[in-house]
Amino acid sequence: MHQLMAEFMGTALMILFGVGVHAGTVLHDTKYHGSGHLFAITTWAFGISIALFIFGNVTINPAMAFCMFLLGKMNFITFIETSIFQIAGGIVGAVVVYVMYADSFKKSYDKIDPVTIRNIFSTSPAVRNLPRNFFVEFIDTFIFLTSILAISRANSPEVVPIGVGLLVWAIGMGLGGPTGFAMNQARDLGPRIAHAILPIQNKAESDWQYGLLVPGIAPFFGAVATALFAKFYLGI
């Protein structure tokens, strides 16, 4: 239970930083309105590093947990439990952001498109092409998870969080343009569920077709590719 609560709180903190920075840059009447993607990607990167420093040996990502299951480092029941707690953490983190920015949400309803407000919470493609969007998230996740495994071989609790943060920063800058680099079901589906249940005015559809297919399923395929690469090349 201690480990599951660490996954829950670590994911919630990650989402607090990530969805929080999107709210701060997109909504009107915030200190950082219009700060842009560089500001947001940097906050995601640093926020994930902080979550890893605080909670230590966590995956905060169902795709990474699935990879651990495939590599024999986690049993199937633990994978399911871990994923549920991570997605729950994503929901709670997004709800906390909404409460913190509630006044700015109210001042933005008549100024911002409802889809843009939804995209504060969840990812969406720059160009909707589901097969290509799926491929992008598959590649992003494969690079992300494989790099984390390689970074983790340093066996240094001081190096790993910083390395993962720099990795998120690089992927966000270099590969995030087509889909927003979810690479993590808890990062997308948790806040997407929060958006669906929160009392947001003129709410856009949750776009579950995209959410379940691209950030929902594609990261698991990336995890399979990572497990194969880790076994046959990295020797894990």
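Residues numbered from 1 in each chain as written. Predicted model: local features only at pLDDT ≥ 70, side-chain atom pairs only at ≥ 80, totals over all residues. Heavy atoms only, no water.

For the protein, the name recorded in an unreviewed UniProt entry is Aquaporin family protein, with Secundilactobacillus angelensis as its organism. The record in UniProt for the protein states the following under Subcellular location (unreviewed entry): "Membrane". Database annotation for the protein, UniProt heading Sequence similarities (unreviewed entry): "Belongs to the MIP/aquaporin (TC 1.A.8) family." (UniProt positions renumbered as here; feature names shortened; annotations may be inferred.)

(A) Summary view of the overall build of the protein. Broken down by element type, the protein carries ten helices and zero strands. The linear arrangement of helices and strands in the protein, starting from the amino end, is α-α-α-α-α-α-α-α-α-α. Expected size for 236 residues packed as a compact globule is a radius of gyration near 18 Å; at 17 Å, the protein falls within 12% of this value. Dimensions along the principal axes, computed over C-alpha positions, put the protein at roughly 55 × 35 × 30 Å. Residues counted as buried form 53% of the 236 residues belonging to the protein. Long-range contacts, defined as pairs at least 24 residues apart, comprise 78% of the intrachain contacts of the protein with a sequence gap of at least 6. Counting only carbon and sulfur atoms, one obtains 68% of the accessible surface of the protein, whose full area is about 10900 Å². Side chains of the protein carry 13 positive and 12 negative charges; the gap between the two charge centres is 2 Å. (Helix = DSSP H or I, 4+ residues; strand = E, 2+ residues; numbered from the N terminus. Rg over C-alpha atoms; globule rule 2.2 N^0.38 Å. Buried < 20%, exposed > 50% of the residue type's maximum accessible area, 1.4 Å probe, protein only. Contact = heavy atoms within 4.5 Å. Areas by Shrake-Rupley, 256 points an atom, 1.4 Å probe, with all protein chains shown as cover. Lys, Arg positive; Asp, Glu negative; His and termini not counted. Charge placed at Lys NZ, Arg CZ, Asp CG, Glu CD.)

(B) Region of the structure containing the UniProt feature "transmembrane region" (unreviewed entry) in the protein. UniProt's entry tags residues 39-71, 83-101, 134-152, 159-181 and 212-234 with the feature "transmembrane region" (unreviewed entry), counted in the numbering of this structure. Along residues 39-71 the backbone is 79% helical and 0% strand, and the end-to-end C-alpha distance reaches 35 Å.

(C) Seen up close, the pattern of salt bridges. Overall, the coordinates contain three salt bridges when judged by the stated rule. Asp 29 is the partner of Lys 111 in a salt bridge, and the nearest nitrogen-oxygen pair spans 4.0 Å. Here Asp 29 lies in the loop between α1 (2-26) and α2 (37-55) and Lys 111 lies in the loop between α5 (102-108) and α6 (114-121), a separation of 82 residues in the sequence. As a salt-bridge pair, Arg 128 and Asp 207 come within 2.8 Å of each other at their nearest N and O atoms. Note that Arg 128 is positioned in the loop between α6 and α7 (130-152) and Asp 207 in the loop between α9 (185-197) and α10 (208-234), a separation of 79 residues in sequence. Judged by relative accessible area, Asp 207 falls into the buried class, the value being 18%. (Salt bridge = Lys/Arg side-chain N within 4 Å of Asp/Glu carboxyl O.)

(D) Inspection of the packing of aromatic side chains at higher detail. Across all of its chains, the model carries 15 aromatic pairs by this definition. Between Phe 79 and Phe 220, the aromatic rings sit 6.2 Å apart at their centres with planes inclined by 80°, giving edge-to-face as the arrangement. Of this pair, Phe 79 sits in helix α4 (residues 76-100) while Phe 220 sits in helix α10; the two residues are 141 residues apart in sequence, bridging distant segments of the chain. Given the relative accessible area of 6%, Phe 79 is considered buried. Judged by its relative accessible area of 27%, Phe 220 is partly exposed. The residue whose ring lies beneath Lys 231 is Phe 232, and the NZ or CZ to ring-centre distance is 5.8 Å. (Phe/Tyr/Trp six-rings, centres within 6.5 Å; stacked < 30°, edge-to-face > 60°. Lys NZ or Arg CZ within 6 Å of the ring centre and 35° of its normal.)

(E) Local environment of the nonpolar core. Cys 67, Phe 105, Phe 121, Phe 144 and Val 168 are the most contacted members of the largest nonpolar core, which has 54 residues in total. Residue assignment for this core shows that the elements contributing at least two residues are α1, α2, α3 (62-70), α4, α6, α7, α8 (159-175) and α10. Dropping the residues within four chain positions of it, Val 168 is found in contact with Ile 41, Trp 44, Ala 45, Ile 48, Phe 144 and Phe 181. (Core = buried A, V, L, I, M, F, W, Y, C linked by side-chain atoms within 4.5 Å.)

(F) The side chain of Gln 185, seen in detail. As for its position among the elements, Gln 185 is in helix α9. There is a polar contact of 3.0 Å between the side chain of Gln 185 and the backbone oxygen of Gly 216. Those residues in contact with Gln 185, other than ones at most four positions away along the chain, are Asn 61, Pro 62, Ala 63, Gly 190, Pro 215, Gly 216, Pro 219 and Phe 220. (Polar contact = N/O pair within 3.5 Å; in protein donor to acceptor, adjacent residues only side chain to side chain.)

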